[in-house]
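Remarks on the overall topology
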Amino acid sequence: MIDLMKKMMFAGIGLALKTKDEVEEFAGELVKRAELSENDGKKFVDDFLKRYDESREKLEERVDQSVKDVLGKADIPTRQELAELKDEIKKLRKTSAAE
């Protein structure tokens, strides 16, 4: 059972890493093999692509959060934090130049 779950998980990750064109091609091949009608095939491909998009978005969110966690633990400033520091430095320079 665990092996099956691992295989399904790896297949899902593999699909998430593929381009949309590759996924459409893969879905088209599945439709041909299953010998579905044109309407059923179109519905299958549409559902497949919808799930692909949802899985890819979830994976991107998880990767983004993981990167943020790693940067936070490594005490590396984010782009936003650097921009805020630059703005503060500019303000301080203006203040000291005016004095």
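Looking at the overall build of the protein chain
- A tally of regular secondary structure across the protein chain gives four helices and zero strands.
- What you see in the protein chain, going N to C, is helices and strands ordered as α-α-α-α.
- Per-residue burial over the protein chain gives 10% buried out of 99 residues.
- With an accessible surface of roughly 9,100 Å², the protein chain has 56% of that area assigned to carbon and sulfur atoms.

Re a negative patch on the surface
- Where like charges cluster on the molecular surface, the negative patch consists of Asp-21, Glu-22, Glu-24, Glu-25 and Glu-29.
- Inspection of the secondary structure puts Asp-21 in helix H2 (residues 20-34).

Brief notes about helix H4 (residues 79-98)
- A rise of 1.5 Å per residue sets the reference length of H4, with its 20 residues, at 28 Å; its end C-alpha atoms lie 29 Å apart and thus fit the reference within 8%.
- With respect to burial, H4 is a largely exposed element, only zero of its 20 residues being buried.

Some points on the confidence of the model for the protein chain
- Chain-level statistics for the protein chain give a pLDDT mean of 76 and a share of 77% at 70 or above.
- Least confident of the elements in the protein chain is helix H1 (residues 2-17), whose mean pLDDT is 57; most confident is H4, at 91.

Focus: the pattern of salt bridges
- Evaluated as defined, the whole model comprises one salt bridge.
- Salt-bridge contacts for Asp-47 lead to Lys-43; the nearest nitrogen and oxygen are separated by 3.3 Å. A residue pair is termed a helical-turn pair when its members lie 3 or 4 positions apart in one helix, as Asp-47 and Lys-43 do in helix H3 (residues 38-73) at four residues.
- Its relative accessible area of 36% is what places Asp-47 among the partly exposed residues.
- The exposure class of Lys-43 is exposed, given its relative accessible area of 52%.

A few points about a positive patch on the surface
- Together, Lys-86, Lys-90, Lys-91 and Lys-94 make up a region of like positive charge exposed at the surface.
- The residue Lys-94 is located in helix H4 in this model.

Let's talk about H3
- The end-to-end C-alpha distance of H3 is 52 Å, a good match for the 52 Å that 36 residues give at a rise of 1.5 Å each.
- All buried positions along H3 are accounted for by Gly-41, Val-45, Phe-48, Leu-49, Tyr-52 and Asp-53.
- A positive phi of about 60° marks Asp-75, the residue just after H3.

Each value, and the rule that gives it
Residues numbered from 1 in each chain as written. Predicted model: local features only at pLDDT ≥ 70, side-chain atom pairs only at ≥ 80, totals over all residues. Heavy atoms only, no water. Helix = DSSP H or I, 4+ residues; strand = E, 2+ residues; numbered from the N terminus. Buried < 20%, exposed > 50% of the residue type's maximum accessible area, 1.4 Å probe, protein only. Areas by Shrake-Rupley, 256 points an atom, 1.4 Å probe, with all protein chains shown as cover. Patch = residues over 30% accessible without salt bridge, like charges linked within 9 Å, V, L, I, M, F, W, Y side chains within 5 Å. Salt bridge = Lys/Arg side-chain N within 4 Å of Asp/Glu carboxyl O. Lys, Arg positive; Asp, Glu negative; His and termini not counted. Charge placed at Lys NZ, Arg CZ, Asp CG, Glu CD. Expected span 1.5 Å × (residues − 1). pLDDT = per-residue confidence, 0-100.

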